[in-house]
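Each chain, letter by letter, is given below.
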Amino acid sequence: MADYRKQGDVAVLHANNPPVNALSYHVRQGLYDGIEAAEKDPSVKCIVICGKGKTFPVGADIREFASGSAKKFPNLIEVCDKIEACTKPVVAAIHGFALGGGLEISLGCHYRIGGTSCKVGFPEVNIGVLPGAGGTQRLPRVIGLKPSLDIITSGCHVGAKEALKLGILDKIVQGDVVTEGIKFAKSVQNQPLHGRRVSTMAVPDVSQANALCNSAMAEVKRKSSGLLAPVACVKSLRVAAQTPYKDGIKIESALMLQLMTSGQAKALQYAFFAERLASKWQVPGGASHATVTPRPVKSCAVVGGGYMGSGIVMCILNAGLPCILVEANQKFLDRGIKMIQGLYAGSVKLGKMSEQDAKKTLSLLKPTLRYEDLKDVDVVIEAVFEDMKLKQEVFGKLDKVCKKDALLCSNTSTLNIDKIASATRRPDRVMGMHFFAPAYYMKLLENIRGAETSPQTVATVTQLSVKIGKVPVLVGNCHGFVGNRMMAPYTTEAQRLLEEGAYPHQVDQVIEEFGIPIGPLKVGDLTGLDVSWKITREVSRMLGLDHTKREDVEPFGLYFPVRNALYEKGRLGRKTGAGFYKYEKAGSKVAIPDPLVMDIIDHHCREEGIDRRRIPPQEIYERCLYSLINEGFKTLEEGIAARPEDVDIIWLLGYGWPRYTGGPMHFASQIGLRRLYGRIEYYHNKYPDRDHWTPSRLLKTLSQQEHPVPLAQWGQFASTTSRL
Ligand SMILES: C[C@H](O)[C@H](C)C(=O)SCCNC(=O)CCNC(=O)[C@H](O)C(C)(C)COP(=O)([O-])OP(=O)([O-])OC[C@H]1O[C@@H](n2cnc3c(N)ncnc32)[C@H](O)[C@@H]1OP(=O)([O-])[O-]
């Protein structure tokens, strides 16, 4: 919908499709008809296009891509050309965001003005497409090829000042952009439009076109290997430099069509909406984000100022909330404060924040050694060492000192939330908030509800999570929750492959070629072999088992003989300069395959009488990824994960799963559930002693359906299989 109204001799067209004025069919129709009406009305001398509500149009309506309505007349190209051809000056008055098709609309206009805080950009590469309504043809004609290549291949947002400097905006205005837009339109209403129609302009730096496009192509292939959209963007921009608009736009549309039908675009658009769905939680019994009102949170506290705790403190301070940091002794407290101050000093040095802002943010931090100082806070997040006894002690203390309605949350990454809550008299106000390292940077928050956690606690913690800049995914309580639970079979298979014939670099190479940035063995070295050794020991102990005895722990996927051998030799990973790999020195990032490790593996296998064999990459790929996916299905059938989108967002934002595959569940649907089930059944028969190869009942049921079941309907099957 586009509202048309006249103010004197100015026609004002408001795109009106809350919340972000996505350019759905009706908005396009409204804009097209509005230009036509203004063109025909002799009393209209000029036109202003703007957005109703919080923003200018942020692009095409992504939801229309699947339905095909995006192509319906007038499509966006036709709307932009209509605006440009208008014989009366058209001014785009931009506030909020002008993104994708929204920026294309404004480039179709003869002038563009923007508010001081507006942002413009072409984020299409983030959803696997390109600016397909003339964006790759018009932008370089306004600002040149070089900045266009940067803006379009990166998908980044450009601030008002930079947009003015580049020439995207003709003016930055204070106050209401519509009022200013009308004033500006009046000021140019008698100006000739010749030279203001962008498609007729020449590309200013055309002489360097080949050089610029060649280096941009090399850069996108290096930086985003395997991604189709950035490559297509460079191709389309090269065309703009060499071809008149009327021909260039056809080539752009052809490239766009190829992308639109690609699996990558579908996966990236799925991920776009899955990320926005995450905070819309629902719990068994029906309470949900739409029915429960969160409690206000005005103050927080964090117990434990280690690497995770100090990162969590920064998230809270960055959201403008006061935060108390509690530590067991002065040495640890000073270490935590020093880490936080150091990170802010680093941001100031990099120009990411001003000295003043850093000072103001740090003034919200109150360090203490006294639990009593927490008596008035609304939410406490515990981030002490991953030990059940210690966590129960802390929660017992908190329960005594904190006000009755304070929420107590644990940053545990694996331990049982109900067991932690049992140390308090308020299990309904206890929840897990599993941050990912580094906590001040990683967007994901895996929030765990216990058996007695109240819907209001869920609502309050979810709202706080969004406030501190996180994407909160609500999951149920089980060992490892969703993310780490799926990580377990993946890691176990990676390590079993070492015993059977592979070496660390061979396993990691397959996984990294799939698109996960760091392979499982390198992750082992990053987190520290001592950390994983202690967690395995802790979990085995809880099961009453000895983690060094194969017969004890192998059925539970807890037998890591190679890791144990390296640990016993003091090879703890990156921090000691040696683990599954060797490193130039302690702390270095570059992992170098180490013949010593291969000797240790060979020696272990000889000792155990294991005949090593060549393991084909396809087997490494299937055993690591399919075991993980199978576990994902189990979290769905058990109701630990509420929907496949949640599983996918956890792996996309928390574990580096390649976004252009949509996540493990979306990827499974692309592989085909019948084929996937067949392969998991094969490994189940080959390794009957490994529980994690027992096929998920949900996967089995879905794979037996006559027709492939769309992801959005898996939930219905999950509820039936969970009762099986
Ligand atoms: C030819 C042409 O060249 C091509 C082909 C294109 O133009 S392709 C399209 C290019 N444009 C984009 O990629 C911009 C995508 N949007 C964003 O980056 C962000 O939205 C935002 C602008 C920075 C605001 O962030 P926010 O945090 O304030 O709100 P939100 O939670 O994200 O969004 C609020 C609500 O709006 C929905 N939404 C946002 N953008 C949408 C879009 N383009 N289409 C449909 N729905 C959209 C979103 O799902 C959510 O819905 P719900 O969850 O409430 O039901």
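- An unreviewed UniProt entry lists the protein chain under the name Peroxisomal bifunctional enzyme, with Lingula anatina as the source organism.
- The UniProt entry for the protein chain carries the following text under Subcellular location (unreviewed entry): "Peroxisome".
- One UniProt comment on the protein chain, placed under Pathway (unreviewed entry), says "Lipid metabolism; fatty acid beta-oxidation."

### Observations regarding the sheet that holds strand β7 (residues 119-121)
Here's step 1: Judged by pairing direction, the sheet is mixed, and its three strands sit side by side in the order β5-β7-β8 without closing on themselves. Of all the strands in the sheet, the pair left with one neighbour each is β5 (97-99) and β8 (157-159). Neighbour-to-neighbour, the strand axes of this sheet turn through a mean angle of 20 degrees, independent of strand direction.
Here's step 2: Summarising the sheet, β5 and β7 pair through three bridges and their orientation is parallel. Note on β7: the bridge partner recorded for alanine 98 is valine 120.
Here's step 3: Sitting on the sheet, helix α4 (residues 101-108) touches β5 and β7, and the angle it makes with β5 is about 90 degrees.

### A look at the layout of surface pockets
Here's step 1: If you add up the space inside the second largest pocket, you get close to 460 Å³.
Here's step 2: Lining the second largest pocket are 28 residues, and of these Gln282, Gly639, Ala641, Ala642 and Arg643 sit closest to its centre.
Here's step 3: Those elements giving two or more residues to the lining of the second largest pocket turn out to be β17 (471-475), α26 (617-637), α27 (644-654) and α31 (714-722).
Here's step 4: In terms of residues, the lining of the second largest pocket owes the most to one element, α31, which gives five residues.
Here's step 5: Of the residues belonging to the lining of the second largest pocket, the class tally is 14 nonpolar, eight polar and six charged.
Here's step 6: Of the domains in this structure, domain 2 (300-475) and domain 4 (630-721) are the two that each give at least three residues to the lining of the second largest pocket.

### A look at the site of the ligand
Here's step 1: Close to the ligand lie 29 residues; Ala60, Glu104, Glu124, Arg276 and Lys280 are nearest.
Here's step 2: Take alanine 60: an N or O atom from its main chain is 2.8 Å from an oxygen atom of the ligand.
Here's step 3: Lysine 280 places a polar side-chain atom, nitrogen or oxygen, 2.8 Å from an oxygen atom of the ligand.
Here's step 4: Where the shell around the ligand is concerned, the elements lending two or more residues are α2 (63-67), β5, α4 and α12 (263-277).
Here's step 5: Tallying contributions element by element places α12 first for the shell around the ligand, with three residues.
Here's step 6: Tallied by class, the residues present in the shell around the ligand amount to 18 nonpolar, four polar and seven charged.

### Remarks on the sheet that holds strand β11 (residues 323-326)
What links the strands of a sheet is backbone hydrogen bonding, and the strands pair in either a parallel or an antiparallel sense.
Here's step 1: Spatially, eight strands are ordered β12-β11-β10-β13-β14-β15-β16-β17 in an open sheet, and the strand pairing comes out mixed. The open sheet has two free edges, formed respectively by β12 (365-368) and β17, since each of these has just one partner strand. Going across the sheet, the axis of each strand differs from the next one's by a mean of 25 degrees, ignoring polarity.
Here's step 2: Sheet topology note: the strand β10 (residues 300-303)/β11 ladder contains four bridges and is parallel. Looking at β11, one finds that cysteine 300 is bridged to cysteine 323.
Here's step 3: Strands β10, β11, β12, β13 (379-382) and β15 (430-435) of the sheet are contacted by helix α13 (residues 307-318), whose axis makes an angle of about 170 degrees with β10.

### Description of the nonpolar core
Here's step 1: Counting 100 residues, the largest nonpolar core has Leu374, Ile629, Phe633, Trp657 and Leu676 as its most contacted members.
Here's step 2: Considering each element in turn, this core owes the most residues, nine residues, to α26.
Here's step 3: In contact with leucine 676, other than residues within four places in its own chain, are Tyr626, Ile629, Phe633, Ala668, Ile671 and Leu699.
Here's step 4: Listed in part, the 71 residues of the second largest apolar core include Phe65, Ala216, Ala241 and Met256.

Conventions and cut-offs
Residues numbered from 1 in each chain as written. Predicted model: local features only at pLDDT ≥ 70, side-chain atom pairs only at ≥ 80, totals over all residues. Heavy atoms only, no water. UniProt positions renumbered as here; feature names shortened; annotations may be inferred. Pairing = 2+ DSSP bridges. Helix = DSSP H or I, 4+ residues; strand = E, 2+ residues; numbered from the N terminus. Axes fitted to C-alpha atoms, helices over the stretch in contact; angles between N-to-C directions. Contact = heavy atoms within 4.5 Å. 1 Å grid on protein atoms, 1.4 Å probe; cavity = no way out; pocket = protein on both sides within 12 Å on 5 of 7 lines; lining within 4 Å. Points joined across faces, edges and corners; volume = space filled by probe spheres on them. Nonpolar A, V, L, I, M, F, W, Y, C, P; charged D, E, K, R; others polar. Domains from an automatic or database assignment. Near = heavy atom within 4 Å. Polar contact = N/O pair within 3.5 Å; in protein donor to acceptor, adjacent residues only side chain to side chain. Core = buried A, V, L, I, M, F, W, Y, C linked by side-chain atoms within 4.5 Å. Buried < 20%, exposed > 50% of the residue type's maximum accessible area, 1.4 Å probe, protein only.

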